[in-house]
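Each chain is listed here by its residues.
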Amino acid sequence: MDRPSLYDDDIVTSAEEQAAALRALGARSDLSNAVDWENVAEEIESVGRSQLRAVEGLLVQALAHMLKRLSAPDLPVTRPWREETLAFQIAARNRFERSMRQRLDWDRIWKSARETANLGLTPYGDGLLPNLPDSCPVDPDELLSARFDMDAILLQIAESRKHTPSL
């Protein structure tokens with residue numbers, strides 16, 4: 001193997017490359033049909049997809065906790081939300097691989113974070129801040145930075161809210 005560490009360095013790209021190699025082998029007529037090449041390739045690709053979904057899930061949780069904190073700052077549970085945000089961000093950053101940047105569905109992450117935050121506020125009789133933007137107002141690099149600044153991101157989200165004219 002010319003890049004033996006790709007699996008350890010970037011499992012998503014590794015899974016895609018291995019799946020493509022298996023499909024190429026499956027297309028060869030001189031090899032046995034005993035192996036279901038397409039399904040084996042799909043299973044290999046699913047490893048990469050599951051890593052991608054894990055990072056998306058952690059980012060959803062980090063953003064949802066920030067949205068809850070921003071939407072209901074006076075609730076007594078905001079301190080754990082801050083700590084949990086940091087834990088989710090660190091976990092996402094540690095699992096993130098450069099090849100994921102373009103593969104992550106940032107609009108889906110943001111929409112899921114908004115839904116999750118709103119559901120998390122409902123038991124407290126609170127709701128999400130109004131007029132939040134439809135697209136994530138935070139740059140992905142900021143969310144995944146080793147120098148993650150939650151307060152700056154909270155301010156950025158607050159300032160991104162769509163202002164509706166007063167009547």
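Residues numbered from 1 in each chain as written. Predicted model: local features only at pLDDT ≥ 70, side-chain atom pairs only at ≥ 80, totals over all residues. Heavy atoms only, no water.

Enquirer: How would you explain the packing of helix α3 (residues 37-71) against helix α4 (residues 78-95) if you had to name every residue and give the values?
Expert: Remark: α3 packs on α4, axes separated minimally by 8 Å, with the N-to-C direction vectors making an angle of 155°. One way to sum up the angle between α3 and α4 is to call them roughly antiparallel. The element α3 and its partner α4 pack so that their crossing is left-handed. Only T78, R79, W81, R82, E84, T85, F88, Q89, A91, A92 and R95 of α4 make contact with α3, whose side of the interface consists of Q51, A54, V55, L58, L59, Q61, A62, H65, M66, K68 and R69. Counted by class, the contact of α3 with α4 contains 10 nonpolar, six polar and six charged residues. (Axes fitted to C-alpha atoms, helices over the stretch in contact; angles between N-to-C directions. Helix = DSSP H or I, 4+ residues; strand = E, 2+ residues; numbered from the N terminus. Parallel < 35°, antiparallel > 145°, perpendicular 65-115°, else oblique. Left-handed = near helix turned anticlockwise from the far one by under 90°. Contact = heavy atoms within 4.5 Å. Nonpolar A, V, L, I, M, F, W, Y, C, P; charged D, E, K, R; others polar.)

Enquirer: Go over the pattern of salt bridges, please, and point to the residues and values.
Expert: The tally for this structure, following the rule as stated, stands at eight salt bridges. A salt bridge links E42 to R49, with the nearest nitrogen and oxygen atoms 3.8 Å apart. For D141, the salt bridge goes to R101, with nearest N and O atoms at 3.0 Å. One end of the pair, D141, is in helix α6 (residues 140-143); the other, R101, is in the loop between α4 and α5 (106-121), with 40 residues separating them in the sequence. (Salt bridge = Lys/Arg side-chain N within 4 Å of Asp/Glu carboxyl O.)

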